[in-house]
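In case you want the letters, here they are:
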Amino acid sequence: MEDFERDRITAYFTRVTSQFVPTRRASSIAVTHLLAERPLFLHALAQLTQVCALLPKPKSIDPTAHREASRHWRCDRLDRDRFACPEQAVSYLEERAPGQRLVLLDVGGYFAPTLPQICDRFSGQLLGVVEDTENGHRRYLAHDKPPCPVYSVARSPLKIPEDYLVGQSVVFSTEALIRSRGEILYGRSATVIGFGKLGSSVAHMLHARNVQVTVFDTDPVKRTHALAQGFRTTCSLREALIDAGIIVCATGNLALKHGDFNRVANGAYIASVTSSDDELELDVLNRSYTREHVTPHITRYSRTGHYFYVLNNGNAVNFLHGASVGAFIFLVQAEILAAAALLADREHEPGHHELPTDIRESIAATWLDHFTGAP
């Protein structure tokens, strides 16, 4: 990243944080991607809270960004199993932020399984959680009445531009990998599993490349949306997989389980928009399929009479090319900062929360003025 780009982004975050400086200091621990621009967001977070530790997501770490973050903050290994165990989860928080007023920033619902025990046993005060993703949002929704405040930006209107562009980046990376083997998208049919914000964007991007798209979603309402937008739909995953040369998984909730892989067409490419453990039961395939890395980022699974390819080991395929969505990512990051500041500054009732409309409008106006010159 060029110096002028860093300066511009830093100036934007200064404008954002100046609007939300809490009157009471709090600490934070953050699960985070560590892509190239992310340290600038983390520096902004440090203006609002004391950052006690970072937990970088292992499949989205830029080495330069990791080195920069490590110079300023403790970077620990992220392990979902650790935070699924109440004793280990509480022990970790006690090691990093004992007795403190603490905000947790999450990307994927890592703290959700043990949230009640954390609230009950942590020596400090858990002020709340800020969740970034749809699959994490669902994990927190599993608590009908969460024991602390939970802000989610996953369904925020400020995230719609990002989700649309993530869909573009997923299709770009999928096509790049397929082309790396001397093949092209044209002539292949595609199935998109999940027609949420990301899935719908992926479906439209594939259609724009003259790919015939079938949509499968367990929600009949989503299928009506897909049908109205011109896509073939089916209520049967088995039917959706038949003859699909490209399969994009966009559910965040195990789109393909062990038995589903038997129905994948020979030679199909499977891509995911999120982590492999959220979308694909790949581990169980090792007992019945042989794995071969045909390129650094394409794995061939084969057994007698059947073979298919998995892109980027089943992890978000767009992270191979930086997962860039341009300056639109800073809309969502500003909302995360605002939510963290609100948790630090105000008492909240336990439960699910969203930022007030006026704050979102203020963030959007600041972003427009800063990056486009048009408030």
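This text goes with the structure placed above it.
Because the structure is predicted, anything quoted here is derived from the model rather than measured.

The rules we used
- Residues numbered from 1 in each chain as written.
- Predicted model: local features only at pLDDT ≥ 70, side-chain atom pairs only at ≥ 80, totals over all residues.
- Heavy atoms only, no water.
- Salt bridge = Lys/Arg side-chain N within 4 Å of Asp/Glu carboxyl O.
- Helix = DSSP H or I, 4+ residues; strand = E, 2+ residues; numbered from the N terminus.
- Buried < 20%, exposed > 50% of the residue type's maximum accessible area, 1.4 Å probe, protein only.
- Core = buried A, V, L, I, M, F, W, Y, C linked by side-chain atoms within 4.5 Å.
- Contact = heavy atoms within 4.5 Å.
- Axes fitted to C-alpha atoms, helices over the stretch in contact; angles between N-to-C directions.
- Parallel < 35°, antiparallel > 145°, perpendicular 65-115°, else oblique.
- Left-handed = near helix turned anticlockwise from the far one by under 90°.
- Nonpolar A, V, L, I, M, F, W, Y, C, P; charged D, E, K, R; others polar.

## Let's talk about the pattern of salt bridges
In the structure shown here, the tally under the stated rule is 21 salt bridges. When the shortest N-O distance is used, the salt bridge between Glu87 and Arg121 registers 3.6 Å. Within this pair, whereas Glu87 is found in helix α5 (residues 86-96), its partner Arg121 is found in helix α6 (residues 115-121), the two being separated by 34 residues in sequence. Residue Arg121 is classed as partly exposed on the basis of its relative accessible area of 42%. Between Arg179 and Glu175 there is a salt bridge, with its nearest N and O atoms 3.3 Å apart. With Arg179 and Glu175 both in helix α8 (residues 160-179) and four residues apart, the pair spans about one turn of that helix. With relative accessibility at 15%, the residue Glu175 sits in the buried group. Ionic contacts of the salt-bridge type, sharing partners, join the residues Asp76, Glu95 and Arg96 into one network.

## Let's talk about the nonpolar core
Nonpolar side chains in soluble globular proteins tend to end up buried together. By size, the foremost hydrophobic cluster in this structure holds 74 residues, and its most contacted members are Tyr12, Phe13, Leu105, Leu206 and Ile363. Per-element accounting of this core gives the leading share, 14 residues, to helix α13 (residues 329-345). Other than its neighbours up to four places away in sequence, Leu206 contacts Val171, Leu185, Ala190, Val192, Val211, Val213 and Val248.

## Concerning the packing of α13 against helix α14 (residues 357-372)
Across the interface, α13 lies against α14 with an axial gap of 10 Å and an inter-helix angle of 140°. The orientation of α13 relative to α14 falls into the category oblique. α13 and α14 meet at a crossing whose hand is right-handed. Each of Phe330, Leu331, Ala334, Glu335, Ala338 and Leu342 in α13 lies in contact with α14, whose residues at this interface are Ile359, Arg360, Ile363, Ala364, Trp367 and Phe371. For the contact of α13 with α14, the residue count by class is ten nonpolar, no polar and two charged.

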